[in-house]
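Examining the three-dimensional arrangement
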Amino acid sequence: MPLATETMVLNMGPHHPSTHGVLRFILRTDGELIHMCRPDIGYLHRGLEKIAEQVPYAHFMPYTDRLDYLAAMNCNLGYAITIERAAEIEVPPRAEYIRVLVAELNRIISHLISVGTFAMDMGAVTPFTHTLREREWVNDLFEELCGARLTYNYIRFGGVAFDLPEGFLDRLSRFLDYFEPRLEQYNRFISKNKIFKERLVGVAVISPEEALDYRLVGPNLRASGIDWDLRRDEPYSVYGDLAFDVPVGVSEIGELGDCYSRYWIRILEMEQSVRILRQCMEKMPEGPYWNRSKKKLKVEPGEFYVRTEAPRGELGFYLISKGGIKPHRLKIMTGSFSAMSIVEKVGSGLMVADLVALIASLDVVAPEVDR
Amino acid sequence: MSLEDLKEELSKVVDPRNIRSRDYERDGFSVEIEAKAKEVVALAQAAREADCFLESITAADFTEGVQILYQFNSFSSVARTLVRVQLARNESVPTISTIYDAAMWYEREVFDLYGIQFDNHPDLRRILLPEDADFHPLLKDFGKVHAFRSTEEIYGE
């Protein structure tokens, strides 16, 4: 006699510690097994694209901070480069180096949060407090630089808002000297931990074809084995003058494109960011930090698409201008949005606990999904 | 596949006069195609066979109606392709979610924000806004924010 089985509809979220913001998943489960997984997004929709059409170009800069609050500098940078290209604004070399410096520093702390919360979601609470301790140091540095600890609003069209304060580079170098051995420590504590590995290896594998089909970007794409990084392949700002490697997922531990590869890529990227930071400090030129224009900023009619490599992958700004001081349309393309759409496909067939690992490994930030 | 090959592939499905080159360095697109709504599926199929992936589907509201903007890209060459489909008011467009999985959510987003119907889409629901919203916010006739308007502009002289 066949056993009667019944599926159950389970709501995960909107307030769930593992969803990293306000996200909701509707699961149809059979015991621990997920039959259907449907993400429900939009809880943090603030209409940024509509706001962009209503305010002058410069006024939109603080909103880009809120686009991805863990990587505000990178969002500032992407938007600034878009408008600079459209309005043909020159950026002085010192400003370019400061921009890359703060962007990479922001990448480190964004990945620190990602790695820390990942470990916490897997049941290891302590690493999160360790990563937050390091992040606090960088937050202090940023506070010194621009007065804000989370939403910086630091980058301006044609440069940056403030020059580096006295002794900033020394303090940064002290942080890097402290931070590099810490990465080793994380590897000892988490990355090479047997329990952590067994929990993640081979879980929620995303093949390269799937990754392309759903247009994953950034670390998630590279973890699936596709070698593509805008900083190297289409260098913007001064990335062309800096030497760094692009870590790509390999199947040496576990499978290509599983949760562990996505975790490991981020650790490797932090190492590379430290390398970039050291070069920036060495090459930092003297000179003006802001090519400030007294004129009201106007953009000629046209269409521009600029993408930059943010911690969560390609961040694209698609600007349609009809001339004047406001855009006709500003579309923001974020990595988290497409990363969420793949959960629907990969999530079905997983265990409930593995879904948590999948979401954490994709490093989704809810405000970036909903905009 | 080089850019010229891609253009040739795509000119099999659309009128070659509607394909024009753009300056990639300056504005981020190398090819721009003006297409009709009924050509979209064939175009997407051709792009897929030419080893391109779908980067995004978005839209913009102009006085003539909404334009749907498809963007394709490829890692093997510099070939960012913009496909522009001008729709009349209340015109619908066929879905390409059968060809590219990523289109599933992008089309839902365009439907949500612009109210464009995608024919044969398997799951066309609102995505960002609440289910019971009765407006499409990115249409130009939807509410103006007063944040940057002078008081004269809002209340009259």
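Bear in mind the structure is a predicted one, so any value in this text is a computation, not a measurement. (Residues numbered from 1 in each chain as written. Chains lettered and ligands numbered in written order. Predicted model: local features only at pLDDT ≥ 70, side-chain atom pairs only at ≥ 80, totals over all residues. Heavy atoms only, no water.)

Moving on: the overall build of chain B. A count of helical and extended segments in chain B gives five helices and seven strands. Along chain B, from the amino end to the carboxyl end, the secondary structure elements read α-β-α-β-α-β-β-β-β-α-β-α. Burial status across chain B gives 53% buried among its 157 residues. Considering only residue pairs separated by 6 or more positions, chain B has 49% of its internal contacts joining residues 24 or more positions apart. Taken as two groups, the 18 positive and 30 negative side-chain charges of chain B have centres that lie 2 Å from each other. (Helix = DSSP H or I, 4+ residues; strand = E, 2+ residues; numbered from the N terminus. Buried < 20%, exposed > 50% of the residue type's maximum accessible area, 1.4 Å probe, protein only. Contact = heavy atoms within 4.5 Å. Lys, Arg positive; Asp, Glu negative; His and termini not counted. Charge placed at Lys NZ, Arg CZ, Asp CG, Glu CD.)

Residues and elements named next belong to chain A. Of all five residues in strand 8 (residues 329–333), five are buried; the element is thus mostly enclosed. Here strand 8 shows a buried face lined by Arg329, Lys331 and Met333 and a second buried face lined by Leu330 and Ile332. Bridge count for strand 7 (residues 313–321) against strand 8 is five bridges, and the pairing is antiparallel. When the bridges of strand 8 are listed, isoleucine 320 appears paired with arginine 329. (Pairing = 2+ DSSP bridges.)

With that out of the way, let us pick up the environment of tryptophan 264 of chain A. Tracing the backbone shows tryptophan 264 of chain A in helix 11 (residues 259–283). The residues touching tryptophan 264 of chain A, leaving out its near neighbours within four places in the chain, are Asn187, Ser191 and Glu252 of chain A.

To continue, consider the packing of aromatic side chains. All names here are of chain A. Evaluated as defined, the whole model comprises 23 aromatic pairs over all chains. Relative to phenylalanine 317, the ring of tyrosine 79 lies with its centre 5.6 Å away and its plane at 55°, an arrangement referred to as tilted. Taken together, the positions of tyrosine 79 in helix 3 (residues 72–87) and phenylalanine 317 in strand 7 put the pair 238 residues apart, joining distant regions of the chain. Like tyrosine 79, the residue phenylalanine 317 is buried in the burial classification. Judged by centre distance (6.5 Å) and plane angle (15°), the ring pair of tyrosine 260 and tryptophan 264 falls under stacked. (Phe/Tyr/Trp six-rings, centres within 6.5 Å; stacked < 30°, edge-to-face > 60°.)

Here we come to the interface of chain A and chain B. Listed as interface residues are 43 residues of chain A and, on the opposing side, 47 residues of chain B. Summed over both sides, the interface between chain A and chain B buries roughly 3,900 Å², with carbon and sulfur atoms accounting for 56% of that surface. Where lysine 331 of chain A meets glutamate 109 of chain B, a salt bridge forms, and the shortest distance between an N and an O atom there is 3.2 Å. Linking chain A to chain B there are 17 residue pairs in polar contact (both at pLDDT 80 or more). Every element with two or more residues in the side of chain A that touches chain B is listed here: strand 3 (33–40), helix 1 (48–54), helix 8 (208–213), strand 6 (302–310), strand 7, strand 8, helix 12 (335–347) and helix 14 (366–370) of chain A. With five residues, helix 12 of chain A is the largest single contributor of residues to the side of chain A that touches chain B. The residue makeup of the side of chain A that touches chain B, split by class, is 17 nonpolar, seven polar and 19 charged. (Buried area = accessible area lost by both parts, 1.4 Å probe. Salt bridge = Lys/Arg side-chain N within 4 Å of Asp/Glu carboxyl O. Polar contact = N/O pair within 3.5 Å; in protein donor to acceptor, adjacent residues only side chain to side chain. Nonpolar A, V, L, I, M, F, W, Y, C, P; charged D, E, K, R; others polar.)

To continue, consider helix 1 (residues 3–11) of chain B. Residues and elements named next belong to chain B. Restricting attention to buried positions, one finds in helix 1 the residues Leu6, Lys7 and Leu10. Projected onto a plane normal to the axis of helix 1, the buried residues spread over an arc of 100° and lie on a single side. The exposed set on the far side of helix 1, more than 90 degrees from its buried face, consists of Glu4 and Glu8. Where the residues of helix 1 are buried, they touch strand 1 (19–21), strand 2 (31–35), helix 3 (40–49) and strand 5 (81–86). (Arc of directions from axis to C-beta.)

All names here are of chain A. Even without being a glycine, serine 237 presents a positive backbone phi close to 50°. Structurally, serine 237 can be placed in the loop between helix 10 (230–233) and helix 11. Phi at aspartate 363 is positive, roughly 55°, even though this residue is not glycine. Topologically, aspartate 363 is positioned in the loop between helix 13 (352–362) and helix 14. Among the residues examined, aspartate 363 registers a relative accessible area of 4% and is labelled buried.

For sheets, the rule is that strands pair by backbone hydrogen bonds, running either parallel or antiparallel. All names here are of chain A. Here we have three strands laid out as an open sheet, ordered 1-2-3, and antiparallel in their pairing. Both edges of this open sheet fall to strand 1 (8–12) and strand 3, since each of them pairs with a single strand only. Taking the axes of each pair of neighbouring strands and ignoring which way they run, one obtains an average angle of 20° across the sheet. Both strand 2 (residues 24–30) and strand 3 contribute to a ladder of seven bridges, which runs antiparallel. (Axes fitted to C-alpha atoms, helices over the stretch in contact; angles between N-to-C directions.)

A few words on the confidence of the model for chain B. Summarising the model, chain B shows a mean pLDDT of 82, and 90% of its residues fall at 70 or more. As a predicted assembly, this complex carries a pTM of 0.88 together with an ipTM value of 0.84. (pLDDT = per-residue confidence, 0-100.)

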